Amino acid sequence: MAKYSVENEVAVIAVDNPPMNALSHHVRKSLLKYLKEAESDEKVTSIVLCGDGRTFPVGADIKEFHKSVSKLGPTILDIVDALEKSKKPTIAAIHGNALGGGLEIALGCHYRIAMTNSKVGLPEVKLGILPGAGGTQRLPRVIGLDNAMQWIAYGGHHSAGIGASLGLIDRVVPQGGNIREHAILFAKAAVGKSLGQRRLSNISVPDAAKVESLMAKHLKEVSKKSRGALAPIVCLQVIKSSALLSYQEGLESERQGMFTLLASSQSRAQIYSFFAERQVSKWSVPGVTNYQNAVPMKVKAVGVVGLGTMGRGIAICCLRAGKITYVLEMNTKAQTAGVKYIRGYIETMRKRKQINDQQSSMMNNALIPVDNYNGLKNVDLVIEAVFESMKIKKEIFKKLEKVCKPSAILASNTSTLNIDEMASVTKRPQKVAGMHFFAPAHIMMLLENIRGEKSSPETIATIMDLGKQMRKTTVLVGNCHGFVGNRMFAYYTAESSFLLEEGAYPKQVDDVLLDYGFAMGRFQVGDLSGTDIGYKIRRERGLTHKQQPAGTPERKRGDRRYSPLDDFLYEKGRYGLKARKGWYKYEGSRTPIPDPEVRKMIDDFRKRHNINPRHISPEETLQRMIFPLVNEGFNVLDEGIAANPWDIDMIFQHGYAWPRHTGGPMYYAYTIGLPQVLKVIEERWKLAGASEPHWKPSKMLTWLVEHHGNPDINDWIKLYKERKSQPNSNL
Ligand SMILES: CCCCCCC[C@H](O)CC(=O)SCCNC(=O)CCNC(=O)[C@H](O)C(C)(C)COP(=O)([O-])OP(=O)([O-])OC[C@H]1O[C@@H](n2cnc3c(N)ncnc32)[C@H](O)[C@@H]1OP(=O)([O-])[O-]
């Protein structure tokens, strides 16, 4: 809805649709009604459009997309047109965010004023669509093609100050000012002035002559940064029309582009991702607790044990969240290096204006290096971030148990190990949990929080709340080897090596993954993170080639297929990018170059094992990499380790850089169709047999396909649980 009032001859129309003033159908109807009323009221001389509550409208109502209501008139474009055509000056008064359709209606206004801390932008591309209410045609006319291409194809949010410097915002209202009062004064002053050039559809694009070179520049950039995504490319093509065609023709091109994108599976996947991102914070442990009833503990001081790569990143996350952060590292050299890194990073953030001087000095003061466990006696929560060894972690937990106050939560940043086993050496298993950060911890958006068997509701609520304070996509999962992410990902990695054994080379596999939309292939990622990391984890589990007793078949561990190629690579000193050689070689840059030495290693291996290499198609490569991971995803859901398919998808998008336009592995399976996915898995299972149990079709996937075909992803859990809870169910 909207509210209407007339103050001092100025009509004020305030959108009132909490929480974000989205432009839902009922809002659009009432906006147009009040605009007409203001237009026809002779006592009104000008019109102010604003948002009630938290913000100016943040765009179309995303829940309406792909539903018939989105097509019901009036459209947002009808409102934009009415504002622009108005004979009385129209002023957008922006506080909070003016995004998407919200900014488009502001662009329809003759003037825009904004609070200094407000943000503006056209982020539709992140939903796999484009600004569909004239934004692709009006924005370049104000801020120029180059800037408009940048804003629209990447979908960033920009400060009011930047908007003002580009001519988009006519006045910035300082902090503490009342935007509504300022807008009314501004509106009064605008009465009687010519509106011709204030109607953006009347003016031309300033840098139109550079259209071809700008197009080439931005196309090159988006195809690198948003590989495989359709929306950025369509956005650029449609913006190009603003420079070459009339406004009306440009609008037609926008309409066509929007239809193409709305019909694509990518926009559905990205809209799913938008809601999934918000859904994961509404966590629940069925029958125990949930986000609504559990109360988090107040955490003022955090301890971080270990100042390696992970510990440093975690400490930065804690400092950014405003916590007093004690960092424990007993090795003096490692402590000096770690603290130097953290302080250096704080300084970089300050120089990049991500934090101001005051925040920088607060963070520096809040960082407290300690060199013995007693230094952690006052913290409310500890995150242990040492090497992945159960023996070492247990020793640390025993020490923490002794020194930390009884109310403190003890968390581990383990990426694979059993949280309950760590909890068992303490007297407070209800206060133990996992907080699995992804490297680099201060950059990656994901936090995979693990609830132990005995973790209390307060402990769970506290680690979830801390993730939120760190502004991470925080997903709650159950305890098992590798939890959700690494448990599933293990099969993706294993299959990639099996593909090498059978006939592929690293670049061939990586190229398929790049085409799918990953920014880097599996072998490039292996080189970037270091081949020594996986090796040390396999060594800890007694799996590496060198640890096997004489006579152990090279390609088996117990009764399971195993590829020792990764071990051979490590043993040759090919530790990845840092050694300038890994799966690829690197000659003075980070560009991976296929290396004949690696090829020879693979060829020799095949010869030794009498493997006749065969051509492996891109389709088979993709299925072999992704489907076992999806199959395991269904096992994870069946066991309740993940509560919902979107929890898994968010873990992969934010922890493993899974391309957003596919929605994540589970949503991708749904897009392809579960029956098709199951068919491939069943065929592979027949070929591979018991030594590759990751191809054994999941019970849940099989049941869903047999009984429902390809049910809506939102219904998977409900359908399956209903059946599973029946007394005669054999699931
Ligand atoms: C036929 C087609 C016609 C085409 C016309 C095209 C028009 C136009 O070009 C298209 C658009 O505008 S596309 C839109 C372009 N605009 C965008 O993409 C902006 C999308 N929004 C955002 O990016 C963030 O919400 C903000 C940064 C605004 C605030 O962040 P924050 O403070 O962390 O808050 P938060 O936690 O994020 O949200 C709180 C609650 O509000 C909910 N909700 C929010 N926006 C919604 C919406 N537009 N809608 C519905 N709901 C929306 C959100 O789900 C959540 O609900 P929950 O039930 O409580 O979970």
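All values derive from a computational prediction rather than experimental measurement.

Chemist: Explain the overall build of the protein to me, please; I cannot follow it from the model alone.
Modeler: When helices and strands are counted, the protein shows 29 helices and 23 strands. Against the 2.2 N^0.38 benchmark of 27 Å for 731 residues, the protein shows a C-alpha radius of gyration of 28 Å, consistent with a compact globule. Over its C-alpha atoms, taken along the principal directions, the protein stretches across nearly 95 × 65 × 60 Å. Residue burial in the protein is summarised as follows: out of 731 residues, 55% are buried. The contacts of the protein with a sequence gap of at least 6 include a subset with a gap of at least 24, amounting to 72%.

Chemist: Can you walk me through the site of the ligand in this structure?
Modeler: Surveying the vicinity of the ligand reveals 31 residues, the closest of which are G101, E104, E124, R278 and K282. Separating an oxygen atom of the ligand from a backbone N or O atom of G101 is a distance of 2.8 Å. Within the backbone of G132, one N or O atom sits 2.9 Å away from an oxygen atom of the ligand. When isolated, the ligand has an accessible area of 1100 Å², and the protein chains bury 76% of it.

Chemist: Looking at this model, I keep getting lost on the UniProt feature "domain: 3-hydroxyacyl-CoA dehydrogenase C-terminal" (unreviewed entry) in the protein. Mind explaining?
Modeler: UniProt annotation of "domain: 3-hydroxyacyl-CoA dehydrogenase C-terminal" (unreviewed entry) refers to residues 482-586 and 623-707 when read in the numbering used here. Counting secondary structure, residues 482-586 comes out at 51% helix and 6% strand; the distance between its end C-alpha atoms is 31 Å.

Chemist: Whenever I open this one, helix α12 (residues 309-320) confuses me. Can you help?
Modeler: Quick reminder: α-helices carry 3.6 residues per turn. Residues three or four places apart thus point the same way. Here α12 is 12 residues long and its end C-alpha atoms lie 17 Å apart, about the 16 Å a rise of 1.5 Å per residue gives. Of all 12 residues making up α12, 9 are buried, and the element is well covered by its neighbours. Among the residues of α12, M310, G311, G313, I314, A315, I316, C317, C318 and L319 are the ones counted as buried.

Chemist: Explain the packing of aromatic side chains here, please?
Modeler: To describe a pair of aromatic rings, you give the distance between the ring centres and the angle between the ring planes. Summed over the entire model, instances satisfying the criterion amount to 22 aromatic pairs. The interplanar angle of 70° and the centroid separation of 5.5 Å between the aromatic rings of Y667 and Y670 together place this pair among those described as edge-to-face. You can see Y667 and its partner Y670 sitting in helix α26 (residues 665-672), 3 residues apart, about one turn around the helix. Ring-pair connections join several aromatic residues into one group, and the members of that group are F438, F489, Y492, Y516, F518, F652, Y656, W658 and Y668.

Chemist: Can you help me understand unusual backbone geometry in this one?
Modeler: Across residues other than glycine, the phi torsion is negative in most instances, and most of the peptide bonds are trans. In this structure, P74 follows G73 across a cis peptide bond, with omega equal to -5°. With respect to the element layout, P74 can be found in the loop between β3 (46-51) and α2 (76-85). Positive phi values are uncommon outside glycine, yet E9 reaches one of about 70°. Positionally, E9 belongs in the loop between β1 (2-7) and β2 (10-15).

Chemist: How should the sheet that holds strand β13 (residues 324-328) be read in this particular structure?
Modeler: Paired through backbone hydrogen bonds, the strands of a sheet run either parallel or antiparallel to each other. The 8 strands lie next to each other as β14-β13-β12-β15-β16-β17-β18-β19, forming an open sheet whose pairing is mixed. For this open sheet the edge positions go to β14 (367-370) and β19 (473-477), each flanked by a neighbour on one side alone. When strand polarity is set aside, the average angle formed by the axes of neighbouring strands in this sheet is 25°. In this structure, β13 lies alongside β14, joined through 4 bridges in parallel fashion. Along β14, the bridge assignment pairs V327 with P369. Each of β13 and β14 is contacted by helix α13 (residues 332-351), which is oriented at about 175° to β14, the strand it contacts most. On the sheet, helix α17 (residues 457-469) packs against β15 (381-384), β16 (409-412), β17 (432-437), β18 (446-451) and β19 and is oriented at approximately 160° with respect to β19.

Chemist: Please clarify how the pattern of salt bridges should be interpreted in this entry.
Modeler: When the charged atoms of two side chains lie near each other, side chains of opposite charge can form a pair. Per the counting criterion, the structure on display carries 46 salt bridges. K393 is the partner of E388 in a salt bridge, and the nearest nitrogen-oxygen pair spans 3.6 Å. One salt bridge connects R684 with E620, and the closest N-O pair in it is separated by 4.0 Å. Of this pair, R684 sits in helix α27 (residues 674-688) while E620 sits in helix α24 (residues 618-638); the two residues are 64 residues apart in sequence, bridging distant segments of the chain. Accessibility classification places R684 together with E620 in one group, the buried group.

Chemist: How do you make sense of the environment of V512 when you look at a structure like this?
Modeler: As for its position among the elements, V512 is in helix α19 (residues 506-516). A residue is classified by how much of its surface remains accessible, and V512, at 11% relative accessible area, is buried. C-alpha separation for the pair V512 and P618, spaced 106 residues apart in sequence, amounts to 5.9 Å. Once residues lying within four places of it in the same chain are set aside, the contact partners of V512 are P618, T621 and L622.

Chemist: How should helix α7 (residues 179-190) be read in this particular structure?
Modeler: With 12 residues, α7 extends 16 Å between its outermost C-alpha atoms, agreeing within 8% with the 16 Å of an ideal straight helix rising 1.5 Å per residue. Along α7, the residues that are buried comprise I179, A183, I184, F186, A187 and A190. One side of α7 holds all its buried residues, which, seen down the axis, span an arc of 165°. Among the exposed residues of α7, those pointing more than 90 degrees away from its buried face are E181 and L185. In the core, the buried residues of α7 are packed alongside β1, β2, β3, β4 (90-94), β6 (111-115) and β9 (171-173). The first or second residue beyond α7 is G192, which carries a positive phi of 90°.

Chemist: Mind showing me how you'd approach the packing of α26 against α27 here?
Modeler: The geometry of a pair of packed helices is captured by two quantities: the angle between their axes and the separation between those axes. Running from N to C, α26 and α27 point in directions that differ by 100°, and their axes come no closer than 5 Å. One element, α26, and the other, α27, form an angle in the roughly perpendicular class. Between α26 and α27, the residues in contact are A669, Y670 and I672 and L674, Q676 and V677, respectively. Its residues assigned to classes, the contact of α26 with α27 shows 5 nonpolar, 1 polar and no charged.

The rules behind each value
Residues numbered from 1 in each chain as written. Predicted model: local features only at pLDDT ≥ 70, side-chain atom pairs only at ≥ 80, totals over all residues. Heavy atoms only, no water. Helix = DSSP H or I, 4+ residues; strand = E, 2+ residues; numbered from the N terminus. Rg over C-alpha atoms; globule rule 2.2 N^0.38 Å. Buried < 20%, exposed > 50% of the residue type's maximum accessible area, 1.4 Å probe, protein only. Contact = heavy atoms within 4.5 Å. Near = heavy atom within 4 Å. Polar contact = N/O pair within 3.5 Å; in protein donor to acceptor, adjacent residues only side chain to side chain. Areas by Shrake-Rupley, 256 points an atom, 1.4 Å probe, with all protein chains shown as cover. UniProt positions renumbered as here; feature names shortened; annotations may be inferred. Expected span 1.5 Å × (residues − 1). Phe/Tyr/Trp six-rings, centres within 6.5 Å; stacked < 30°, edge-to-face > 60°. Pairing = 2+ DSSP bridges. Axes fitted to C-alpha atoms, helices over the stretch in contact; angles between N-to-C directions. Salt bridge = Lys/Arg side-chain N within 4 Å of Asp/Glu carboxyl O. Arc of directions from axis to C-beta. Parallel < 35°, antiparallel > 145°, perpendicular 65-115°, else oblique. Nonpolar A, V, L, I, M, F, W, Y, C, P; charged D, E, K, R; others polar.

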